[in-house]
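Summary of the model geometry
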Amino acid sequence: MKYKSPPQWLYYLLAMPYFKPGILGVLAGTDLLEQAWDIWRLAAAAAVCVLYVLHMCRTRRPPSVIMILLAVYLGFVSVGTLVRENNLWQLCNHVLSIGSFCMLLELRLREDAFLAVDMLVAPLSVLVSVNFIMECLFPWGMAYGGTYGYDYNFLGIDNLIPPVLIPYMFLVALHSHMREGKLDLFAWVMLFISAESLLILWSTTGLMGLLVALVFLLFFYGRRFQTWFNYITAMLAGTGLFFGIVLFRLQNVFAFFIEGVLHKGLSFTGRTDIWDGALRLFLMSPWLGYGLSKNGKIYRMIKRKYYHAHNIFLELLVEGGIFGLLAYLFMLERAGKQLLLYRKHPIACILSAAWMAVMVMTSMEPFLDQNGLLIYGLILLSYYVEDLVQGDTTN
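1. Describing the overall build of the protein
The secondary structure content of the protein amounts to 15 helices and four strands. Residue burial in the protein is summarised as follows: out of 395 residues, 56% are buried. If you take every contact in the protein between residues at least 6 apart in sequence, the share linking residues at least 24 apart comes to 75%. For the protein, the accessible area works out to roughly 17,300 Å², and carbon and sulfur atoms hold 67% of it.

2. Remarks on the confidence of the model for the protein
On average, residues of the protein score 89 in pLDDT, and 90% of them reach the 70 mark or higher. Note on residues 296–301: pLDDT is under 50 here. Beyond four places in sequence and across chains, it has 31 contacts.

3. Side note on the side chain of Ser-203
Checked against the element boundaries, Ser-203 lands in the loop between helix 7 (185–201) and helix 8 (204–220). If sequence neighbours within four positions are ignored, Ser-203 has contacts with Asp-158, Asn-159, Pro-162 and Leu-198.

4. Things to note about the environment of Cys-92
Here Cys-92 is to be found in helix 4 (residues 88–111). In the structure, Cys-92 is positioned 14 residues away from Ser-78 in sequence and 8.7 Å away in space, judged by C-alpha atoms.

5. A word on the environment of Thr-81
Along the polypeptide, Thr-81 turns up in helix 3 (residues 65–83). Judged by relative accessible area, which is 1%, Thr-81 ranks as buried. Linking Thr-81 and Gly-320, residues 239 residues apart in sequence, is a C-alpha distance of 9.0 Å. A distance of 2.8 Å separates a polar side-chain atom of Thr-81 from the backbone oxygen of Val-77.

6. Brief notes about unusual backbone geometry
Of note in this structure, Trp-202 is not a glycine but carries a positive phi near 55°. Here Trp-202 shows up in the loop between helix 7 and helix 8. The backbone phi angle of His-310 is positive, close to 60°, even though this residue is not glycine. Positionally, His-310 belongs in the loop between strand 4 (305–306) and helix 12 (312–341). Assessed through its relative accessible area of 10%, His-310 is described here as buried.

7. Section: the packing of aromatic side chains
Taken as a whole and assessed by the stated rule, the structure comprises 17 aromatic pairs. Ring geometry for Phe-225 versus Trp-228: centroids 4.9 Å apart, planes at 45°, classification tilted. Following the ring pairs from residue to residue traces out a cluster consisting of Phe-170, Phe-216, Phe-220, Tyr-221, Phe-225, Trp-228 and Phe-229.

8. A closer look at the nonpolar core
Judged by nonpolar contacts, the single largest core of 132 residues is most densely connected at Tyr-73, Phe-216, Tyr-328, Trp-355 and Leu-388. Those residues within four positions of Tyr-73 in sequence are excluded, and the remaining contacts are Leu-316, Glu-319, Gly-324, Ala-327, Tyr-328, Met-331, Leu-368 and Tyr-376.

9. Here we look at the packing of helix 6 (residues 162–180) against helix 8
When two helices pack together, their arrangement is given by the angle between their axes and by how far apart the axes lie. Running from amino to carboxyl end, helix 6 crosses helix 8 at an angle of 10°, the nearest separation of the two axes being 9 Å. One way to sum up the angle between helix 6 and helix 8 is to call them roughly parallel. For the pair formed by helix 6 and helix 8, the contact residues are Pro-162, Ile-166, Met-169, Phe-170 and Ala-173 on the first element and Gly-206, Gly-209, Leu-210, Ala-213, Leu-214, Phe-216 and Leu-217 on the second. Class assignment of the residues belonging to the contact of helix 6 with helix 8 gives a composition of ten nonpolar, two polar and no charged.

10. Overview of helix 12
A rise of 1.5 Å per residue sets the reference length of helix 12, with its 30 residues, at 44 Å; its end C-alpha atoms lie only 26 Å apart and thus fall more than 12% short of the reference. Along helix 12, the sharpest change in direction is near 125° and occurs at Gly-320. Among the residues of helix 12, the N-terminal cap falls to Asn-311, whose side-chain oxygen and the backbone nitrogen of Phe-313 are separated by 3.0 Å.

11. Side note on a nonpolar patch on the surface
A cluster of nonpolar side chains, namely Val-79, Val-83, Trp-287, Leu-288, Phe-323, Leu-326, Leu-329 and Phe-330, defines an oily patch on the protein surface of about 710 Å² accessible area. Those elements that place two or more of their residues in the nonpolar patch are helix 3 and helix 12. Tracing the chain through its elements places Leu-329 in helix 12. Taking the relative accessible area as the measure of exposure, Leu-329 reaches 33% and is therefore partly exposed.

12. Considering the pattern of salt bridges
Going through the model one piece at a time under the given rule, you end up with nine salt bridges. With a closest N to O distance of 2.8 Å, Arg-249 and Asp-276 form a salt bridge. Remark: Asp-276 occurs in helix 11 (residues 271–284) and Arg-249 occurs in the loop between helix 9 (231–247) and helix 10 (255–261); sequence separation between them is 27 residues. Looking at Arg-249, the relative accessible area reads 24%, which means it is partly exposed. We note a salt bridge from Glu-365 to Arg-271, for which the minimum N-O separation is 2.6 Å. Here Arg-271 lies in helix 11 and Glu-365 lies in the loop between helix 13 (346–361) and helix 14 (373–383), a separation of 94 residues in the sequence. Within this structure, Lys-20, Glu-34, Asp-38 and Arg-41 form a network of salt bridges that share partners.

13. Some points on the side chain of Gln-338
As for its placement among the helices and strands, Gln-338 is situated in helix 12. Once residues lying within four places of it in the same chain are set aside, the contact partners of Gln-338 are Ser-382, Tyr-383 and Val-385.

14. Notes on helix 1 (residues 8–15)
Within the sequence span of helix 1, burial applies to Gln-8, Tyr-11, Leu-14 and Ala-15. One side of helix 1 holds all its buried residues, which, seen down the axis, span an arc of 115°. In this structure, the buried side of helix 1 is in contact with helix 2 (31–59), helix 4 and helix 5 (113–137).

So, how was this worked out
- For every chain, the first residue of the written sequence is number 1, and numbering continues from 1 along that sequence.
- Given that the model is predicted, a residue must reach a pLDDT of at least 70 before its local features are reported, and side-chain atom pairs must reach 80 or more before they are shown or counted; all residues, however, enter totals for whole chains, interfaces and linings.
- To obtain the side-chain values, all non-hydrogen atoms of the structure were included, while hydrogens and water were left out.
- Every helix listed is a DSSP run of H or I at least four residues long, and every strand listed is a run of E at least two residues long, numbered separately from the N terminus.
- For every residue, the accessible area (1.4 Å probe, protein chains only) is compared with the maximum for its type, and the residue is labelled buried under 20%, exposed over 50%, or partly exposed between those bounds.
- Whether two residues touch is decided by their heavy atoms; if any such pair falls within 4.5 Å, the residues are in contact.
- For the accessible areas, the method is Shrake-Rupley and the probe is 1.4 Å, while residue cover comes only from the protein chains on display.
- The pLDDT value expresses, per residue, how confident the predictor is, ranging between 0 and 100.
- Side-chain atoms alone can form a polar contact between residues adjacent in sequence; in general such a contact is a pair of N or O atoms within 3.5 Å, and within protein one must be able to donate a hydrogen while the other accepts it.
- In summary, the pairing rule links any two rings of Phe, Tyr or Trp, Trp by its six-membered ring, whose centres are within 6.5 Å, and it sorts them by plane angle into stacked for under 30 degrees, edge-to-face for over 60 and tilted for everything else.
- Note on terminology: a nonpolar core comprises buried Ala, Val, Leu, Ile, Met, Phe, Trp, Tyr and Cys residues joined through side-chain atoms within 4.5 Å.
- Helix axes are fitted to C-alpha atoms over the stretch in contact, other axes to C-alpha atoms as well, and angles between N-to-C directions run from 0 to 180 degrees.
- By the definition adopted for this analysis, an angle is roughly parallel if under 35 degrees, roughly antiparallel if over 145, roughly perpendicular if from 65 to 115, and oblique otherwise.
- Gly is placed with the polar residues, together with every amino acid not listed as nonpolar (Ala, Val, Leu, Ile, Met, Phe, Trp, Tyr, Cys and Pro) or charged (Asp, Glu, Lys and Arg).
- To estimate the expected span of a helix, count its residues, drop one, and scale the result by 1.5 Å.
- In this scheme, the bend at a residue equals the angle between the axes fitted to the seven residues that finish there and the seven that begin there.
- Nonpolar side chains (Val, Leu, Ile, Met, Phe, Trp, Tyr) within 5 Å and like charges within 9 Å form the patches, drawn only from residues with over 30% relative accessible area and no salt bridge.
- Salt bridges are identified by distance alone: a Lys or Arg side-chain nitrogen within 4 Å of an Asp or Glu carboxyl oxygen.
- Arc definition: directions from the helix axis to the C-beta atoms.

Structural data, given as structure tokens:
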């Protein structure tokens, strides 16, 4: 029996609930809407799991190595959480959200690579546009609240919006290139909206990612030197920042840029203390880590507050230990290997530039939870770059 994929509108409905606006549950009167959104996501996750299994049975195609490694990584995080007797509901929500989202994306990539990108771009375009309008109307935030008291915009607090906007900018570029072979009017409009939203926020994390995005899209994309943005240079940027800033603390070399342009202290708003705390915790439980704590963040008490590690490599080590880090690195290796095979193709260059922006941003923030779903998506898109190249309608 020939496999027939579901209609695209169904995929829009399945993808949208994974990107819940951060304002829900914070702004007065939105509690019921937040609960409805969570139920929507739970129903979507169940539907995705059914569709994924049916697809495997009908096509006789097993999960990709990326999905297997993701299961291993989430497994180590789960073990660390259960050993510490932490919040089981938080763990289930974490694993189900990330796992089912990746199932959804892999399913659509196997059916139609262009429509897989479109499945992400269409609902995100609506959310990004609403967020921009709300930022213009309420530049200081729509509400104040949360665990420690933050100003909330439509999509969330300042440091949790960049992991949506920055990958979205590259998704829009990828979508436009696959359809038109260039950046069309819609792409330029959404790129402007995204960039302006980040400038209004003035999040250091977002500005770092925005700088990479603008440099690539304005000066390298579609030009001869776009291959300078490849998977190797992207990973070198991330590991270089980890060793240079996080471990060896060479930020004094960049004092003018950090203090004069980003308006941050050389401790990066206390991040150096957090990094020291994360390293101490890792050394106390190096193999399995600590899993997820009761509020989804790592065991870390500084000034009587929970914090995550504020660096992707440290977060991996503290969440899943060395085993979890290795599983994640193997995912990156498999995705990177595919990107390097097509490193001269514009699609691979767009994805590599996205990785560079992500690696720069995650040097200061981890984005491994539900706020960073698009980063997991980027791993899958990179792994399926061959399908994206074949789905390029301009070829």
